[in-house]
Amino acid sequence: MTQKELYQIAKERYAAAGVDTEAAIEKLSNVIISMHCWQGDDVKGFENAGELTGGIQTTGNYPGAATNPEQLMQDIDKALSLIPGKHKINVHACYGIYEDGKIADRDQIKPEHFRPWVEFAKARGLGLDFNPTYFSHPLAANGTLTNPDEEIRAFWIRHGIACIRISEYFARETGMPCLMNIWIPDGLKDIPADRLGPRQRYMDSLDQILGCGYDKSLVYVTLESKVFGIGFESYTAGSAEFTLSYSATRGILPLMDNGHYHPTEVVSDKISALLCFNEKITLHVTRGVRWDSDHVVRYDDETVEMMKEVVRNDALDRVILATDYFDASINRLAAWVIGVRSVQKALLNALLLPNEKLKQLQDSSQFTELMMLQEEMKFYPIGDVWNEFCARAGIVGDEKWFLALQEYEKTVLANR
Ligand code: RNT
Ligand code: ZN
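Predicted, not measured: the structure shown is a model, and the values here were computed from it. (Residues numbered from 1 in each chain as written. Chains lettered and ligands numbered in written order. Predicted model: local features only at pLDDT ≥ 70, side-chain atom pairs only at ≥ 80, totals over all residues. Heavy atoms only, no water.)

What follows deals with the nonpolar core. One finds Ile76, Ile89, Trp117, Leu145, Phe170, Leu283 and Met307 to be the most contacted residues of the largest nonpolar core, which totals 127 residues. For this core, the element with the most residues is helix H10 (residues 332–351), which contributes 12 residues. When residues no more than four places from it in sequence are discounted, the contact partners of Ile76 are Met35, Cys37, Ile89, Trp117, Phe120 and Trp336. (Core = buried A, V, L, I, M, F, W, Y, C linked by side-chain atoms within 4.5 Å. Buried < 20%, exposed > 50% of the residue type's maximum accessible area, 1.4 Å probe, protein only. Helix = DSSP H or I, 4+ residues; strand = E, 2+ residues; numbered from the N terminus. Contact = heavy atoms within 4.5 Å.)

Our next topic: the coordination of the zinc ion (ligand 2). For a metal with four tetrahedral donors the ideal donor-metal-donor angle is 109.5 degrees, whereas six octahedral donors ideally subtend 90 or 180 degrees. The protein atoms donating to the zinc ion (ligand 2) are Glu224 (OE), Asp257 (OD), His284 (ND1) and Asp324 (OD), with metal-donor distances spanning 2.1 to 2.2 Å. For the zinc ion (ligand 2), the six donor atoms are set out with angles of 70 to 170° between them, so the coordination reads as octahedral. (Donors = N, O, S within 2.8 Å, 3.2 Å for Na, K, Ca; no water. Tetrahedral: all angles 85-135°; square planar, octahedral: opposite > 155°, others 65-115°.)

Our focus in this paragraph is the pattern of salt bridges. Tallying each qualifying case throughout the model produces 24 salt bridges. Of the charged contacts, one joins Asp77 and Arg124 as a salt bridge, the two residues approaching to 2.6 Å between their closest N and O atoms. A residue pair is termed long-range when its members are at least 10 positions apart, and Asp77 in helix H3 (residues 69–80) and Arg124 in helix H4 (residues 115–124) qualify at 47 residues. According to the relative accessible area criterion, Arg124 is partly exposed, its value standing at 28%. (Salt bridge = Lys/Arg side-chain N within 4 Å of Asp/Glu carboxyl O.)

Looking now at the packing of aromatic side chains. All told, the structure shown has 14 aromatic pairs when counted by the stated rule. On the numbers, 6.1 Å between centres and 40° between planes, the contact of Tyr169 with Phe170 is tilted. Residue classification places Phe170 among the buried residues on the basis of a relative accessible area of 0%. A centroid spacing of 5.6 Å and a plane angle of 45° characterise the contact between Trp386 and Phe389, whose relative ring orientation is tilted. Linking Trp386 with Phe389, this pair stays in helix H13 (residues 382–392), spanning three residues, or about one helical turn. Taken together, the aromatic side chains of Phe114, Phe130, Tyr169 and Phe170 make up a single cluster linked through ring pairs. The ring of Tyr380 has Arg13 sitting right over it, with the charged end atom 4.4 Å from the ring centre. (Phe/Tyr/Trp six-rings, centres within 6.5 Å; stacked < 30°, edge-to-face > 60°. Lys NZ or Arg CZ within 6 Å of the ring centre and 35° of its normal.)

Attention shifts here to the layout of surface pockets. Looking at the largest pocket, its volume works out to about 720 Å³. As for the largest pocket, its lining consists of 23 residues, of which Glu305, Lys308, Arg312, Leu353 and Gln374 are closest to the centre. Elements that contribute at least two residues to the lining of the largest pocket include exactly helix H9 (301–312), helix H11 (355–363) and helix H12 (367–377). Ranked by residues supplied to the lining of the largest pocket, first place goes to H9 with six residues. Split into classes, the residues belonging to the lining of the largest pocket amount to seven nonpolar, six polar and 10 charged. (1 Å grid on protein atoms, 1.4 Å probe; cavity = no way out; pocket = protein on both sides within 12 Å on 5 of 7 lines; lining within 4 Å. Points joined across faces, edges and corners; volume = space filled by probe spheres on them. Nonpolar A, V, L, I, M, F, W, Y, C, P; charged D, E, K, R; others polar.)

Now for the environment of Gly259. Its location among the elements puts Gly259 in the loop between strand E8 (253–257) and helix H8 (271–275). Under the relative-accessibility criterion, Gly259 is labelled buried at 5%. Dropping the residues within four chain positions of it, Gly259 is found in contact with Thr286 and Asp292.

What follows deals with the pairing of strand E9 (residues 281–285). By the criterion of burial, E9 is predominantly enclosed, with five of the five residues buried. Burial along E9 is two-sided: Ile281, Leu283 and Val285 and Thr282 and His284, pointing in opposite directions, are all buried. Of the strand pairs in this sheet, E8 and E9 are connected by three bridges, and their pairing is parallel. Pairing of Asp257 across the sheet is with His284, part of E9. With five bridges connecting them, E9 and strand E12 (residues 319–323) associate as parallel partners. Bridging across to E12, Val285 finds its partner in Thr323. (Pairing = 2+ DSSP bridges.)

Below you can see the structure in the form of structure tokens.
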């Protein structure tokens, strides 16, 4: 049977369950995912910074990592050619491009250092997001925005403001708002003597950054929490409670990275709680295995559950989606493609559920039928709808997309 015929059968089966596959495909085509640039080079950036710090880590040494802007952009292009839809690229401040080799320090970075990213995005009709880099820098050794040394703290405040300017530039140039996410690693390995002081300094630093005056229709500032990092096991200044309260009181957006909670705590359950209080929220979709290990996103239970929360709460335009992981042990482009496609598959799954019916069953306490239907829906022919979605986007739907990467590995990556 052809793909079209298989899709027709799938369409009819879903229709019988009250699900409109055409509407699902149409909605999924419009979902933008912000793909993180840092999977391509193990979060190294272009500043020759050396070691990755900040309590995050990549493991593995799969050959072919990008080592310069040309290679990274070439790899992003290749990955995007295997992902259906038009998306955004999420750039970190340590990915500035310095033609003369003169690297600007973090408090001196300017829009011009990111012009090649703008050209890259504009040529492809993509949006851009941005992140200040509060790690992998000598002045980050003992804290950034919480640093008790006022001069160092001022340096990092200047970095935040410089990043707001670059985000404004991205938004103006691409014609799409730029999401600027603040995450700092600041914390302590062992039991603190003062938990309040660093948080008060963090609050003051953020107030100073946001007080620089910027166009809120161009830049959406988000604040990401974390419960711990490697070497920061006992305390982080930017805990969930701190960052949620800060964003709620300052009118910026909260960001949840699903690697940043206790192992049995799930972000899928937090989305609705935040939607009660925020017009928009943001996610870093990742996969934590035992710790915030930033494994490649898969079509697993939690990803599926998170995307159900986005779809069934009618929040596709309220939950902003970005990926965040770094695996150096497998083909890095495959990591991008598998992760972003997994998010899209989880969205499609949610779009293909009879969500109204399931809600009614819950509200009328018909829990047996609810469980039965939730389980039976898992075996509906989602794969045929996925293939149709990909075909309409001109992308290979099944595992054959990997052939293109095998070829790329032979002809491009192996020669680096
Ligand atoms: C770290 C955070 C943060 C980073 C990026 C590189 O735990 O998840 O988002 O992954 O800024
Ligand atoms: Zn993150």
